[in-house]
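What the coordinates show
Here is how the chains run, residue by residue.
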Amino acid sequence: MTALDAWARGCGVIRHSDQTRERIGALAASLAETGAASSEDLVYEALSAADRLASAAMWVVVHMTYARRVDLSGADLMAADFKPAPEGHTGGSLNVVPAYVGYLAANLLTAKTRGWILGQGHCVAAVEAVNCLVGNLSDRQVSRYGFSEEGISRLCADFYGYGIDADGSPSAPLGSHVNAYTAGGVSEGGYLGFAETQYVHMPLVGESLVAILSDGAFEEQRGGDWAERWWRAEDCGLVAPVMILNGRRIEQRTEIRQDGGAAWLARYLEANGFDPIEIDGRDPAAFAWAILEAERRLTEAARSIEQGRAAYPVRLPFAIAATEKGFGFPGAGTNRAHNLPLERNPHTDASARDAFNVAAASLFVPFSDLSAARDAFMPHTAQKREKEGLNPFARRNPEAPVLPVRAPAPAGPAMAAMDDWFVAFVAANPNHRFRVGNPDELKSNQMGKTLARLRHRVNRPEAGSEESLHGSVITALNEEAVIGAALGNKAGLNLAVSYEAFAVKMLGALRQEIIFARQLMEAGRPPQWIGVPLIVTSHTWENGKNQQSHQDPTIGEALLGEMSDVARVIFAVDAATGVEALRQIYASRGVIGCIVAPKRATPDVLTDAGARAAFETGAARIENDPGASLQLVAIGAYQLAEARRAAARLRERGISVNVTIILEPGRLRSPRDRFEEKFVVSDPVMRDLFPPGLARLLVTHTRPEMMTGLLRRLDEGPARFRAHGYLSRGGTLDAPGMLFANRSTWAHLTLSAADLIGVPAETLLSRSELAAAAGQGDPWVLR
């Protein structure tokens, strides 16, 4: 039997359509002709191994869901061999197996290790099963999940085994989604739709990435539709997006299936600038062909542009892998396929047990055949390439950027100073690829120089505008799409700028990155991509020209709920602290930094040196009196101005006060684990900044309740502590109006101070001021 005939027979449930055979025939001839393969037979032998590997991995996947162990002889399992409470995303995982094996096959056939990202991270069982069979394991997995009955059984037992260590960490290097132990993984894929916004920004020139996506995630948001707008051969590597079109979500058919399936999707993709390629989603060879064909078409498109025969945009190749959810196992094509495709539990039901064993037998590959397939997929040393678990995307470690010193400048808005510094930062780092995520209004947010330097990336620049084919500013009125550009470009330098209120739409994407980065730290492999700042401006207190939808501090509050060593939240109060906040984030690795900054002019408070010193502890004394009876603590630029004004009034009345700013509240919290403990300041530093026994009045940019909970270390109880902040009141108001509506003016602070230190309020405020602060007079007297 020839190698072609052997492959053409398929394996188990895997069969090769006439179209796939024709395509593979042309591919084999091409690889042999170019010398990439020494003969066509070697191509077919590799693809035969891919069939066996895929069938065996599907066999492992269903065992991971249902069984406590495997039997490599293929014998039927008994009731006791099954899990009492099976769990898994079985149908999607079965569909991902041929895609991931096809990815490995493409690497094998071209002697090149590509990166991969799995948008539907809940289908990780496919990746873990294949990785176990080919020895592509992370360090902690190697000794636990070896290529043996014992090792594969341990993999199955650990999957949804819910093991936990004494410190609260999962005990198994395995999870329900892509995680820090998944060899080669770069994203959890728990938030569907975000891989679609990132993949085009991920590879550098010379690199290749395969993005395995889902038709369910297609419904999440539109950002993925615009990938072709951003791809440029001059600064992007090759991408091969592949959608698993299985037609089902959890409870019903997908919208694509309802609207017409693959034919409808192809028309949709064409209308959005893609080059759709329909393939058989049940066949690993079809996936391998699609990956190589996508790269060929993209390379040819780039060559045509370089030679002047075509122009941007390219029609970005996009594979549509049609299949049925859960192909290869009972329940395929039904809603059951998503989770537990069998109608009953084989641990307790004989008919379900029989159904499992019959289906598993159709997927089973004898151990000798599987061993030969495994060997075929382990030629990395001979091919002089890294294993897929060590692909470059999983090991990002860009050269440290140059951090310029801020040039002397007159007083002005923090955002304007940050703009000046960022332009200098771009000039100082010409060898890095920049991406600026911009959901519109970069110029109105005081970053016009950045826009003039880097420009909007568009396909057809408008004459006289700040647009360019090769701009680095990724602009779309879609927060998820533009943050994807900044988060995807882990090989380069990034920035995102947004209205504070609308940045909350980025939260899922940010949280997914933060969680994954933290898991890598805990796994002993801290991420080495350069920190990503998100500047949120036009914020709650200065967005009064708009309605209350534009007045929302939620993004900073939510990120303060994450671990503060990887999710840094900074409240800049002036130019020096705004610039130093950027320097802090760009000097870090694996960190997301949210910088809340005013775009209007505010008084300069700290020098550059003072700002650097303040970031050592996250706070700084602004006005200090050793004999003070009260400490005013401000978080935010407008809050600091009101605190200083209140302090001035108190001093006029003979009361000594201190004024302290908090720039980074997360540095002052009670640590929640050993990593955060290294990040927060020590108790002696806290006592120095916030002397025990001193009455304390906090005024914060955020809602006061969440900040008082965070800052328990400086709160000595209700008799000694008060807090003011955003009370979810607003409207079309100016900044003083916002402060008044939320009881955060200097007069409201003075009223609380009187209560704290036991002084009659009428000795500190005039009659009209007191009436206004009590909500019974004219607010304008407090301006």
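Everything below is about the structure shown above.
Summary of the structure given here. Each chain carries its own residue numbering, running from 1 in the direction its sequence is written. Where local features are concerned, this predicted model is filtered to residues with pLDDT of at least 70; where side-chain atom pairs are given and counted, the filter is 80 or more; whole-chain, interface and lining totals use all residues. Values shown for side chains rest on all heavy atoms present in the structure; no hydrogens or waters enter the calculation.

**Comments concerning the sheet that holds strand E17 (residues 695-700)**
As a reminder, the rule being used: Strands were regarded as paired on the criterion that DSSP finds at least two bridges between them. What counts as a helix is a DSSP run of H or I of at least four residues, what counts as a strand is a run of E of at least two, and both are numbered from the N terminus. Fitting a line to C-alpha atoms yields each axis, with helices limited to the stretch in contact; the angle taken between N-to-C directions then spans 0 to 180 degrees. Only heavy atoms matter for contacts: two residues are in contact if any of them lie within 4.5 Å across the pair.
Ordered in space as E14-E16-E15-E17-E18, the five strands form an open sheet in which the pairing is mixed. Every interior strand has two partners, whereas the edge strands, strand E14 (619-623) and strand E18 (721-724), have only one. Across the sheet, the axes of successive neighbouring strands diverge by a mean angle of 20 degrees, strand direction being ignored. As paired elements, strand E15 (residues 630-635) and E17 share six bridges and run parallel to each other. Its bridge partner lying in E17, Leu-632 is registered against Leu-697. The sheet contacts of helix H29 (residues 746-757) involve E15, E17 and E18, and relative to E17 the element is tilted by about 160 degrees.

**Points about the environment of Cys-11**
In this structure, Cys-11 sits in the loop between helix H1 (3-8) and helix H2 (18-34). Taking C-alpha positions, Cys-11 is 53 Å from Arg-455, a pair spaced 444 residues apart along the chain.

**Focus on the sheet that holds strand E5 (residues 316-322)**
Read from one edge of the open sheet, five strands run E1-E2-E3-E5-E4, paired in parallel fashion. Strands with a single pairing partner mark the edges of an open sheet, and in this sheet they are strand E1 (115-118) and strand E4 (274-280). For this sheet, the mean inter-axis angle between neighbouring strands, taken without regard to orientation, is 20 degrees. Where strand E2 (residues 208-214) and strand E3 (residues 238-245) come together, seven bridges link them in parallel fashion. Residue Ala-211 lies in a different strand from E3, and its bridge partner there is Pro-241. Helix H4 (residues 90-110) contacts E1, E2 and E3 of the sheet and is inclined by roughly 170 degrees relative to E1.

**Remarks on the environment of Ala-266**
Rule in force here: In this scheme, a residue with accessible area under 20% of its type's maximum is buried, one over 50% is exposed, and one in between is partly exposed, where area comes from a 1.4 Å probe on protein chains only.
Within the secondary structure, Ala-266 is located in helix H11 (residues 261-271). On the accessibility criterion, Ala-266 (10% relative accessible area) is buried. Note: C-alpha distance between Ala-266 and Ile-277 (11 residues apart in sequence) is 8.0 Å. Excluding residues within four positions of it along the chain, Ala-266 makes contact with Pro-276, Glu-278 and Ile-320.

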